[in-house]
Amino acid sequence: SDDPADRLMHSHGHTCHELFALRTGKIGRIPDVVVWPGNHEDVEVVVKAAVKYDVCIVPFGGGTNVSGALECPSEEKRVIVSLDMTEMDRILWMDVENLTVHVEAGIIGQDLERKLAEKGFTSGHEPDSLEFSSVGGWIATRSSGMKKNVYGNIEDMVVRMKMVTPRGTLGRNFLGPRNSIGPDIHHFMLGSEGLLGVVTEVTLKIRPLPEVRRYGSLVFPSFEPGVAFMREVARQRCAPASIRLMDNMQFQMGQVMKPAASFWKAAVDSLKKIYVTKFKGFDPDQMAACTLLFEGTPDEVAIQEKRLYDIAAMFGGIPGGEENGERGYLFTFVIAYVRDLGFDYSFLSESFETSVPWSSLLVSALKSQEIVAACVSVVVI
């Protein structure tokens, strides 16, 4: 397609500056053509043609990229083709005995999970972009999910894959869990952001759906004991499927966004607040919260819960309830919508991720908070 709307739709990811450029009409270079391949062979044909005629290809999955990989360089003089993989969205086969599934790379995460759940299985990969991101995108960005403690990151789930490159198709036929016969080509493909080729098919590990899925939450008097709790959980290697610590700013934002409660629910919440602030002595301007997700058999979940809550008590943490845990977990999926809504009211926000050793974590987090607070102060003034 050379339709301007299709081309514009495929010209950006979801970074703050890309969306702001769209809203203000300050659009730079966009793809010249959008192509939707239907299978692996179609991709091979397109890539061969691109090599022959010196055309640039930008692979496009769910469009949720936040690294700028979908932006078209303004200085590029060659024709740019956006290769939209979303027509390649089939499950090609499932091996129940070996717990693997072979899919086309354009399948969207939530669609894959829904189809697997119909058969009683899950991949367990749950990035916050699950609603829109594709399996191929997970590979290209070396994706991590919110339940990595149990299921691993995407590199831990991949058994094999196919990638079409300008020199031909890369892949391997070996389906074993691992081998020791030299460099693993998967490590070149994972995180390559479309620079080396186009991922077309992927074999992933799957697991039976957990019998129990239960949320939980904890409240700490401040961020520091929350970090100490997280460190102890890591040291004991007893993390549940998901565990996320929120500082006071995130905690207060979550409280503000709570839905309107009924009279009785509001009364109960008021009593809980009195207990936490008056009897326990927690300062609402210092409190931190931790959301939890437990998965497994009933006995496994019960053991996990007791162990986590016992550790939390060592650092002054108290249970915050299952409802708050679920709301906090789902809030991760809502953040992007909140950011977009903020644009309508002249609020600018962005999220970013980093990785630091435990020895630097607290200093890095507090320094980041100081920088953000300084920026907010400048805007207010």
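How each quantity is defined
Residues numbered from 1 in each chain as written. Predicted model: local features only at pLDDT ≥ 70, side-chain atom pairs only at ≥ 80, totals over all residues. Heavy atoms only, no water. Helix = DSSP H or I, 4+ residues; strand = E, 2+ residues; numbered from the N terminus. Rg over C-alpha atoms; globule rule 2.2 N^0.38 Å. Buried < 20%, exposed > 50% of the residue type's maximum accessible area, 1.4 Å probe, protein only. Pairing = 2+ DSSP bridges. Patch = residues over 30% accessible without salt bridge, like charges linked within 9 Å, V, L, I, M, F, W, Y side chains within 5 Å. Areas by Shrake-Rupley, 256 points an atom, 1.4 Å probe, with all protein chains shown as cover. Salt bridge = Lys/Arg side-chain N within 4 Å of Asp/Glu carboxyl O. Contact = heavy atoms within 4.5 Å. Axes fitted to C-alpha atoms, helices over the stretch in contact; angles between N-to-C directions. Expected span 1.5 Å × (residues − 1). Bend = angle between axes of the 7 residues up to and from the residue. Core = buried A, V, L, I, M, F, W, Y, C linked by side-chain atoms within 4.5 Å. Phe/Tyr/Trp six-rings, centres within 6.5 Å; stacked < 30°, edge-to-face > 60°.

Draft legend 1. Geometry of the overall build of the protein chain. Scanning the protein chain from terminus to terminus reveals 14 helices and 14 strands. Computed over C-alpha atoms, the radius of gyration of the protein chain comes to 23 Å, within 12% of the 21 Å expected from 2.2 N^0.38 for 381 residues, which places it in the range of a compact globule. By its C-alpha atoms, the protein chain is 75 × 60 × 45 Å across when sized along the principal axes. Each of the 381 residues in the protein chain was classed as buried or not, and the buried ones make up 40%.

Draft legend 2. The pairing of strand E13 (residues 288–296), seen in detail. Counted residue by residue, E13 has nine buried out of nine residues, so it is predominantly covered. On E13, burial covers both faces: Ala288, Cys290, Leu292, Phe294 and Gly296 on one face and Ala289, Thr291, Leu293 and Glu295 on the other are all buried. Where strand E11 (residues 212–220) and E13 come together, nine bridges link them in antiparallel fashion. The residue of E13 that forms the bridge with Val212 is Gly296. Where strand E12 (residues 242–246) and E13 come together, five bridges link them in antiparallel fashion.

Draft legend 3. The arrangement of a nonpolar patch on the surface in detail. A cluster of nonpolar residues, Leu92, Trp93 and Leu175, forms a patch on the protein surface that exposes about 240 Å² of accessible area. Residue placement: Leu175 occurs in the loop between strand E8 (168–171) and helix H8 (186–189).

Draft legend 4. Here's a closer look at the sheet that holds strand E14 (residues 318–319). Pairing is antiparallel in the open sheet, where four strands are placed in the order E12-E13-E11-E14. Across the chains shown, the open sheet's two edge strands, defined by having one partner strand only, are E12 and E14. Set on the sheet, helix H12 (residues 298–314) makes contact with E11, E12, E13 and E14; between it and E13 the angle comes to about 160°. Lying on the sheet, helix H13 (residues 322–343) is in contact with E11, E12 and E13; it crosses E11 at an angle near 95°.

Draft legend 5. Expanded view of helix H9 (residues 223–236). Helix length check: H9, at 14 residues, gives a terminal C-alpha distance of 20 Å against a target of 20 Å (1.5 Å per residue), a fit within 8%. Within H9 the residues assigned to the buried category are Phe223, Pro225, Gly226, Val227, Phe229, Met230, Glu232 and Val233. Of the residues flanking the end of H9, it is Arg237, one or two places downstream, whose phi is positive at about 50°.

Draft legend 6. Highlighting the pattern of salt bridges. Using the criterion set out here, one finds 17 salt bridges in the structure. In this structure, Arg23 engages Asp344 in a salt bridge whose closest nitrogen and oxygen atoms are separated by 2.9 Å. A residue pair is termed long-range when its members are at least 10 positions apart, and Arg23 in helix H2 (residues 16–24) and Asp344 in the loop between H13 and helix H14 (358–380) qualify at 321 residues. Here Glu126 and Lys147 are joined by a salt bridge, their closest N and O atoms 3.7 Å apart. Of this pair, Glu126 sits in the loop between strand E6 (121–122) and helix H5 (135–140) while Lys147 sits in the loop between H5 and helix H6 (148–151); the two residues are 21 residues apart in sequence, bridging distant segments of the chain. Several salt bridges converge on common partners, so that one network encompasses Glu126, Lys147, Arg213 and Glu295.

Draft legend 7. Inspection of the side chain of Ser134 at higher detail. As for its placement among the helices and strands, Ser134 is situated in the loop between E6 and H5. Setting aside chain neighbours within four positions, we find Ser134 in contact with Gly61, Gly62, Ala105, Gly106, Ile107, Ile108 and Gly109.

Draft legend 8. The arrangement of H13 in detail. The terminal C-alpha atoms of H13 lie 32 Å apart, and with 22 residues this matches the ideal 32 Å at 1.5 Å per residue to within 8%. At Phe333, H13 shows its strongest bend, of approximately 50°.

Draft legend 9. Up close: the nonpolar core. Ranked by size, the top nonpolar core spans 23 residues in total, and within it Leu112, Val135, Ile139, Ile154, Val202 and Leu204 carry the most contacts. Elements represented by at least two residues in this core include exactly strand E5 (100–104), helix H4 (109–118), H5, helix H7 (154–157), strand E7 (158–165) and strand E9 (198–205). When sequence neighbours within four positions are dropped, the list of residues in contact with Leu204 reads Leu99, Thr100, Val101, Leu112, Val135, Ile154, Met157, Val158 and Val159. Among the nonpolar cores identified, the runner-up in size contains 20 residues, and Val212, Leu245, Val301 and Ala312 belong to it.

Draft legend 10. Highlighting the packing of aromatic side chains. This model, assessed by the stated rule, comprises five aromatic pairs. Taken together, a centroid distance of 6.2 Å and an interplanar angle of 40° make the contact between Phe20 and Phe343 tilted. Here Phe20 is found in helix H2, whereas its partner Phe343 is found in helix H13, with 323 residues between them in sequence. Of the residues examined, Phe343 reaches a relative accessible area of 12% and is grouped as buried. Taken together, the aromatic side chains of Tyr215, Tyr329 and Phe333 make up a single cluster linked through ring pairs.

Draft legend 11. Representation of unusual backbone geometry. The phi dihedral of Asp54 is positive, around 55°, even though this residue is not glycine. By secondary structure assignment, the location of Asp54 is in the loop between helix H3 (40–53) and strand E2 (56–60). Asp54 sits in the partly exposed class, given a relative accessible area of 45%.

Draft legend 12. Focus on the sheet that holds strand E1 (residues 33–35). Ordered by their spatial adjacency, three strands build an open sheet running E1-E3-E2, and the pairing between neighbours is parallel. A single partner strand is all that each edge strand has here, and the edge strands are E1 and E2. Shown here is a sheet whose adjacent strand axes are inclined to one another by a mean of 25°, direction ignored. When E1 meets strand E3 (residues 80–84), the two strands line up parallel, connected through three bridges. By the bridge assignment for E3, Val33 is matched with Val81. Across the sheet, H3 touches E1, E2 and E3, and the angle it forms with E2 is around 150°.

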